[in-house]
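Architecture at a glance
Given next are the chains, with one letter for each unit.
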Amino acid sequence: MDLGGGFKAVNNLTYRVRGGLVLQGDLYLPPPRSDGRKPGVLVVVHGGGWQDCNRRRSATAWYAAAMSRLLRVATFNIEYRLRQEGGAYPENLKDVKCAVQWIAAHGGEQGIDGSRMAIAGESAG
């Protein structure tokens, strides 16, 4: 999806199936750099105390898009299994780890340097 100004979003990328649930993330990409270097990636983890309290990746979509624009990096805004979905500790953290490993391994397909990574979140994230 074109977000204007050379920014784009690739929604609903499946990074893993765990506990019978499809885990996905939305990838926000900055425009190509003039020096040809691939951008690093910021993995964004939504909050909500690891349980259902109306906090999914849609709650942090604005943050992921804003950080991509502000920092000129890719952002990967991810889901994880909530406690009531079988995502009780440590499974929820393993979901996040799967997302990090997936974007490191597959980011190059989207023009990302997966070796340059950071993580940010709110509350549980």
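1. Brief notes about the overall build of the chain
Looking only at helices and strands, the chain features 2 helices and 6 strands. Going residue by residue from the N terminus, the α and β elements of the chain occur as β-β-β-β-α-β-α-β. Radius of gyration (C-alpha) of the chain: 14 Å, near the 14 Å computed for a compact globule of 125 residues. The C-alpha extent of the chain, read off along each of the three principal axes, is 45 × 25 × 20 Å. A total of 125 residues make up the chain; the buried ones form 42% of that total. By sequence separation, contacts in the chain at least 24 residues apart represent 68% of the contacts at least 6 residues apart. Carbon and sulfur atoms make up 52% of the accessible area of the chain, which amounts to about 6400 Å² in all.

2. Some details on the packing of aromatic side chains
With the rule as written, the count across this model stands at 3 aromatic pairs. Ring geometry for Tyr-15 and Phe-76: centres 6.2 Å apart, planes at 75 degrees, overall edge-to-face. Residue Tyr-15 is located in strand β2 (residues 7-18), and its partner Phe-76 is located in strand β5 (residues 74-78); the two are separated by 61 residues in the primary sequence. Between Trp-62 and Tyr-63, the ring centres sit 5.8 Å apart and the planes meet at 80 degrees, which makes this aromatic pair edge-to-face. Every member of this aromatic cluster is reached through a ring pair, and the members are Tyr-15, Phe-76 and Trp-102.

3. So, the nonpolar core
Tyr-15, Leu-27, Phe-76, Ile-78, Ile-103 and Ile-112 are the most contacted members of the largest nonpolar core, which has 19 residues in total. Looking at this core, the elements with two or more residues in it are β2, β3 (21-29), β4 (41-45), β5 and α2 (91-106). Top element by residues in this core is α2. It accounts for 5 residues. Dropping the residues within four chain positions of it, Tyr-15 is found in contact with Leu-23, Gln-24, Gly-25, Phe-76, Ile-78, Glu-79, Tyr-80, Asp-95, Cys-98, Ala-99 and Trp-102. Among the nonpolar cores identified, the runner-up in size contains 9 residues, and Leu-42, Ala-61, Ala-64 and Val-73 belong to it.

4. What to know about the pattern of salt bridges
Scanning the entire structure with this criterion turns up 7 salt bridges. Measuring nitrogen to oxygen at the nearest pair gives 4.0 Å for the salt bridge that ties Asp-113 to Arg-116. Salt bridges sharing common partners tie together Arg-18, Arg-81, Glu-91, Lys-94 and Asp-95.

5. Description of helix α1 (residues 61-71)
All of the buried residues in α1 are Ala-61, Ala-64, Met-67 and Ser-68. Across the axial projection of α1, the buried residues extend over an arc of 135 degrees, all falling on one side. Every exposed residue of α1 that faces more than 90 degrees away from the buried side is listed here: Trp-62 and Leu-70. Looking at the packing, one finds that the buried side of α1 touches β2, β3, β4 and β5. Positive phi appears at Arg-72, one or two residues downstream of α1, with a value of about 60 degrees.

Definitions and cut-offs
- Residues numbered from 1 in each chain as written.
- Predicted model: local features only at pLDDT ≥ 70, side-chain atom pairs only at ≥ 80, totals over all residues.
- Heavy atoms only, no water.
- Helix = DSSP H or I, 4+ residues; strand = E, 2+ residues; numbered from the N terminus.
- Rg over C-alpha atoms; globule rule 2.2 N^0.38 Å.
- Buried < 20%, exposed > 50% of the residue type's maximum accessible area, 1.4 Å probe, protein only.
- Contact = heavy atoms within 4.5 Å.
- Areas by Shrake-Rupley, 256 points an atom, 1.4 Å probe, with all protein chains shown as cover.
- Phe/Tyr/Trp six-rings, centres within 6.5 Å; stacked < 30°, edge-to-face > 60°.
- Core = buried A, V, L, I, M, F, W, Y, C linked by side-chain atoms within 4.5 Å.
- Salt bridge = Lys/Arg side-chain N within 4 Å of Asp/Glu carboxyl O.
- Arc of directions from axis to C-beta.

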